[in-house]
Amino acid sequence: MMHMPAAWCTAIATLVVFVQVSDGANILAIFPFHARSHTFVGTPLFLELAKRGHNVTMISHHPQKEKIPNYTDIVLKASILDIINNNGKPNNLFDQRDNNVVGIAFRMWNLNTMSCDAMLQEEQIRKLIHSTDIHFDLVVMEGFFNECFLGFVHKFKAPLIHFSTFGGTPWMGDWVGNPNPYAYVPDPFLAYSTKMNFWERTVNTIVGTGWRLGRMFYYVPGQDKVMRKHFGHIEGLPSLSDIEYSTSLIFLNHHFSISYTRPLMPNIVQVGGLHVKPPKELPQDLKKYLDEATDGVIYFSMGSNLRSSQMPDYKRDAFLKVFSELKQRVLWKWETDNLPGKSSNVKISQWFPQSDILAHPNVRMFMTHGGLLSTQEALNRGVPLLGIPVFGDQTLNMASAAAAGYGLMLQFENITTESVRWAVREVLNNNRYRDNAQRLSRIYRDQPLTPMEQAVFWTEYVIRHKGARHMRSAALDLAWYQYFLLDVLAFLALVVTSVFVLLFVIAKQLCCRKKTDNLNKKRD
């Protein structure tokens, strides 16, 4: 084989890169919710798309720390936390727990509508809204109470991909005409499994229907008003609902092997665990700490939003008491420099490389708030869970883990020394939790394409096919009474009723004629 001169190799490589970049699409990614975990799900996809030559503009609260080619950050400043603090409420999420679904709904709707309005008023966002020399080929937006940003879809006349950072809600399926059977698909804010009894199915139906109706008649009009306030100058701006129902594709941070199965249209793609990367080498001191833990290690973290240091003292002391009795070592993500009462087998830090730690063979258990990203990382590594859910979908995630046998749930309000001691020993000493975690880990990782490969393919698919309208469900063209076949049922009921009425009339006529004949015979 002839050897190509180095200069030619360099020229061809440069040409390939140039062609790749020049053919790249302009992608606007919108992840305006303040929580780092939400941005953390989508960011790996957009970085990968940038590496593949696409030009990505990311709107979020969490920019990249280093400059990345083809990747531009627009950093948001306003958030829900600002509104909460302005209302005089402490920024302690342990104090803001609410088990009332109605209260949760109205709180999220009101706060997110106010924060959405505030974010659209920021200078960089207003420049983008009023820009005349910028075009995007695709808008990818997180579907989490930030619908006022949908005005960008109309402005740029671009296809829309919705990205759900969790398993999704009933109304997300409505955007693409996907069914959501209340009989076995639990609401994400209820701690139900797919096997619900009569009363749970009743509550699930009421809550799911309530979400839809409340959103339709209360929340969406408020978001639509905010959208029109900022995008109203754009000619032909449709209603917010019309833009939602133009969704080309939905990504779900979900996978049937680690959660539950349900019917999905072809334009709803599961990419659960997209953020999980192959484990990296641990820092030397941390690696030494785990390597020397001959009796194993417990990793304890309440996630990026909840702060362990803000939990009530008596609950903190319950954990410390139990940890002091263990022969295992404990890594605890603790957000201050000091932990009063810390025993010698407990190591604290304000940050740990969680995913890499969970990959270490000496990790025996993960104590977690039950956030979806954390549970996905643990199951990917085959580590059993002791979950302490606080809000959101955390209870549902832990209920799912408990039902599948790889986790145990401890209610936050029930934390005592005795309950923590029992729960920790149960997960440590009962091998079924670890066996189930490792079995499900093998099932989850047995996929033809990785979540990242799936996400990249379908993103580029929508770009290539200009919105991929061939995947659009015909259900979107039906009125609600047509979708539920109420017109057909009414027609069939009318036909059946008419038949019975006709038979009744005929029978009555025959009966009357028979009586008349009998009377005539008697007279004769």
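Our structure's up above, just so we're on the same page.
None of the values given here were measured: they were computed from a predicted structure. (Residues numbered from 1 in each chain as written. Predicted model: local features only at pLDDT ≥ 70, side-chain atom pairs only at ≥ 80, totals over all residues. Heavy atoms only, no water.)

Colleague: Would you explain helix H10 (residues 284-291) in this entry?
Modeller: Spacing of three or four residues puts side chains on the same side of an α-helix, whose turn is 3.6 residues. The complete set of buried residues in H10 reads Leu286, Tyr289 and Leu290. Take H10 and look down its axis: the buried residues cluster within an arc of 95 degrees, on one side only. Considering only its buried residues, H10 is in contact with strand E8 (297-301), strand E9 (329-333), strand E10 (346-349), helix H12 (354-358) and strand E11 (363-368). (Buried < 20%, exposed > 50% of the residue type's maximum accessible area, 1.4 Å probe, protein only. Helix = DSSP H or I, 4+ residues; strand = E, 2+ residues; numbered from the N terminus. Arc of directions from axis to C-beta. Contact = heavy atoms within 4.5 Å.)

Colleague: How should the nonpolar core be read in this particular structure?
Modeller: The tendency in soluble globular proteins is for nonpolar side chains to be buried side by side. Ranked by size, the top nonpolar core spans 57 residues in total, and within it Leu28, Phe149 and Phe152 carry the most contacts. Those residues in contact with leucine 28 that sit more than four places away from it in its chain are Thr57, Ile59, Leu128, Phe136, Leu138, Val139, Val140, Phe152 and Phe156. (Core = buried A, V, L, I, M, F, W, Y, C linked by side-chain atoms within 4.5 Å.)

Colleague: What exactly am I supposed to notice about the state of the cysteines here?
Modeller: One pass over the full model with this rule turns up one disulfide. Linked covalently through their sulfurs, cysteine 116 and cysteine 148 form a disulfide whose S-S length is 1.8 Å. Of note, the bridge from cysteine 116 to cysteine 148 carries an S-S torsion of about -95 degrees and is left-handed in sense. Within this pair, whereas cysteine 116 is found in helix H4 (residues 101-120), its partner cysteine 148 is found in the loop between strand E4 (138-142) and helix H6 (151-156), the two being separated by 32 residues in sequence. (Disulfide = S-S within 2.5 Å.)

Colleague: Help me understand the sheet that holds strand E6 (residues 249-252) in this model?
Modeller: Note on sheets: strands pair through backbone hydrogen bonds, and any given pair is parallel or antiparallel. Strands sit in the order E3-E2-E1-E4-E5-E6-E7 across an open sheet of seven strands; the sheet is parallel. The sheet is open, and its two edges are formed by strand E3 (71-75) and strand E7 (268-270), each paired on a single side. On average, each strand axis in the sheet is tilted by 20 degrees relative to the strand beside it, whichever way the strands run. Two elements, strand E2 (residues 55-60) and E3, share five bridges in a ladder whose sense is parallel. In the sheet register, threonine 57 faces E3, and the bridge partner there is threonine 72. Contacts from helix H2 (residues 36-51) reach strand E1 (26-30), E2, E3, E4, strand E5 (160-164) and E6, with the element oriented near 165 degrees to E2. (Pairing = 2+ DSSP bridges. Axes fitted to C-alpha atoms, helices over the stretch in contact; angles between N-to-C directions.)

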